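Chain by chain, the residues:
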Amino acid sequence: MIKLGITGGIGSGKSYVSRLLEERGMPLYDTDSRAKLITVVHPSVKRQLTELLGPRVYAADGSLNKPVLASYLFACEENARKINAIIHPKVLDDFRHWAACREREGHLLVGMESAILFESGFDCAVDKVLMVYAPADVRMKRVMDRDGVTEVQVKARMNMQEDDEEKSKKADFVVMNDGISSLGPQLDSLLEVLVGRKELA
């Protein structure tokens, strides 16, 4: 079985590309949604976050107090590293278990979607990396339209992520999602290269 990491900068359309691959039969692991779940259900993560941030990090009903976490997380890079050191290893363990289950089910290819695939070290858990690429001006307009934010705000978000050109160099495959190029043929060609056919299980 091949584990494919799917990444791309904000506004690149990586989630859309991931869904298209999912529609073609590829099981998909979304690191963002799984990380959010792990922070509220994993005993070790809950204990470590409480030790680091105090009991206010979780509400009485067990839900995460997002403002408390966010204020600490974005205060400085060191704080972000501490949080990531607690959560990211558990996400990796969860992905490996999930992928092993999919392999036992007979799947030839699975995907891991992550905006911070390289930055988080999640790339160590995959065999190949797909970079979803779109020009900066296209990404800018998509995020402004989608989130109702200003150009300055989008640029700030972009600057927090690794440069797309650098990501492209590290990736094994790149698909162009500029709104002009057709994604279907690109993804079908990718699946042919990866598994030799479009049926993935």
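Residues numbered from 1 in each chain as written. Predicted model: local features only at pLDDT ≥ 70, side-chain atom pairs only at ≥ 80, totals over all residues. Heavy atoms only, no water.

A.B. asks: Describe the nonpolar core, with residues and values.
C.D. replies: Val45, Ile83, Ile87, Val91, Phe95 and Met112 are the most contacted members of the largest nonpolar core, which has 31 residues in total. Every element with two or more residues in this core is listed here: helix 2 (31–41), helix 3 (43–53), helix 4 (66–73), helix 5 (77–104), strand 3 (109–113), helix 6 (117–120) and strand 4 (128–133). Sort the elements by how many residues they give to this core and helix 5 lands first, with eight residues. Excluding residues within four positions of it along the chain, valine 45 makes contact with Ile38, Thr39, Tyr58, Ile86, Ile87 and Lys90. (Core = buried A, V, L, I, M, F, W, Y, C linked by side-chain atoms within 4.5 Å. Buried < 20%, exposed > 50% of the residue type's maximum accessible area, 1.4 Å probe, protein only. Helix = DSSP H or I, 4+ residues; strand = E, 2+ residues; numbered from the N terminus. Contact = heavy atoms within 4.5 Å.)

A.B. asks: Now, about the layout of surface pockets: what can you tell me, with residues and values included?
C.D. replies: In this model, the largest pocket occupies a volume close to 1700 Å³. Along the walls of the largest pocket sit 40 residues, with Asp32, Leu73, Phe74, Ala115 and Ile116 positioned nearest its centre. Broken down by secondary-structure element, the contributors of at least two residues to the lining of the largest pocket are helix 1 (14–23), helix 2, helix 4, helix 5, helix 6, helix 7 (136–147) and helix 8 (151–160). If you tally residues by element for the lining of the largest pocket, the top one is helix 5, at eight residues. When its residues are assigned to classes, the lining of the largest pocket shows 17 nonpolar, 11 polar and 12 charged. One number sums up the size of the second largest pocket: a volume of about 170 Å³. Mapped by element, the contributors of at least two residues to the lining of the second largest pocket are helix 7, helix 8 and helix 9 (164–170). At three residues, helix 8 tops the list of elements feeding residues into the lining of the second largest pocket. (1 Å grid on protein atoms, 1.4 Å probe; cavity = no way out; pocket = protein on both sides within 12 Å on 5 of 7 lines; lining within 4 Å. Points joined across faces, edges and corners; volume = space filled by probe spheres on them. Nonpolar A, V, L, I, M, F, W, Y, C, P; charged D, E, K, R; others polar.)

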